[in-house]
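# Coordinates in review
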Amino acid sequence: HAEALLPHRDPPFAKGYALKIEPFPKRLTIRTREGQQTFTWDERTFFFRGKQKVVPEQINPGDLLAIRYVTGPDDVPLIQRLKVVPPPAP
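Overview of the structure. (Residues numbered from 1 in each chain as written. Predicted model: local features only at pLDDT ≥ 70, side-chain atom pairs only at ≥ 80, totals over all residues. Heavy atoms only, no water.)

## With respect to the pairing of strand β4 (residues 46-49)
Sheet faces and side chains relate simply in a regular strand, where the side chains alternate between the two faces. Our working definition: Here the rule is simple: two strands pair whenever DSSP picks up at least two bridges between them. Numbered from the N terminus, helices here are DSSP runs of H or I no shorter than four residues, and strands are runs of E no shorter than two.
Across four bridges, the pairing between β4 and strand β7 (residues 77-85) is parallel. Paired with Phe 46 across the bridge in β7 is Arg 81. Examined bridge by bridge, β4 and strand β5 (residues 52-53) share two bridges and lie antiparallel to one another. Directly across from Arg 49, in β5, lies its bridge partner Gln 52.

Here is the structure:
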């Protein structure tokens, strides 16, 4: 668990498994080591699977997600960039 000792990078990042994707109200809940975390997104958010751009509806529950976000004025994390991490090759 060496990554737990690294200082937080700026902007903040989160990594976890998709639990719930709600296109309206643009909300995404993931399961991280620390527990559940909920994010929102807007029209400036980028979604990728590998190098390919995707839309939020193409994210599946259970997908491993790497998220770069900012905290908005209402303290709800706003996703800047989300990447679906491919499962490791067998």
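Let us keep going from here.
## Focus: unusual backbone geometry
Cis geometry marks the peptide bond from Phe 24 to Pro 25; its omega dihedral reads 25°. Structurally, the position occupied by Pro 25 is in the loop between β1 (13-22) and β2 (27-32). Here the phi dihedral of Lys 26 falls at roughly 60°; this positive angle occurs in a residue that is not glycine. Among the structural elements, Lys 26 can be located in the loop between β1 and β2.

## What about the packing of aromatic side chains?
In plain terms, the rule: Stacked, tilted and edge-to-face are the three classes applied to pairs of Phe, Tyr and Trp rings, where Trp contributes its six-membered ring and a pair requires centres within 6.5 Å; stacked means planes under 30 degrees apart, edge-to-face means over 60, and tilted covers the rest. Under the scheme applied here, a residue whose accessible area is under 20% of the maximum for its type counts as buried, over 50% as exposed, and between as partly exposed, the area being computed with a 1.4 Å probe on protein chains only.
Scanning the entire structure with this criterion turns up three aromatic pairs. On the numbers, 6.3 Å between centres and 25° between planes, the contact of Phe 46 with Phe 48 is stacked. Overall, Phe 48 belongs to the buried group, its relative accessible area being 12%.

## Overview of the pattern of salt bridges
Selection rule: In what follows, salt bridge is the name for a side-chain nitrogen of Lys or Arg lying within 4 Å of a carboxyl oxygen of Asp or Glu.
Summed over the entire model, instances satisfying the criterion amount to three salt bridges. Across the salt bridge formed by Arg 44 and Asp 42, the nearest N and O atoms sit 3.8 Å from each other. Exposure remark for Asp 42: the relative accessible area of 17% places this residue in the buried category.

## Quick word on the nonpolar core
Stated formally: Nine residue types can take part in a nonpolar core, namely buried Ala, Val, Leu, Ile, Met, Phe, Trp, Tyr and Cys, and a core is a set of them joined through side-chain atoms within 4.5 Å. Contacts are assigned to residue pairs with any non-hydrogen atoms lying within 4.5 Å of each other.
Leu 28, Ile 59, Leu 65, Ile 67 and Leu 82 are the most contacted members of the largest nonpolar core, which has 16 residues in total. Of all the secondary structure elements, the ones that give two or more residues to this core are β1, β2, β6 (64-71) and β7. Each residue touching Leu 28, except ones within four places of it in the same chain, is listed here: Lys 20, Ile 21, Gln 37, Thr 38, Phe 39, Trp 41, Leu 65, Ile 67, Ile 79 and Leu 82.

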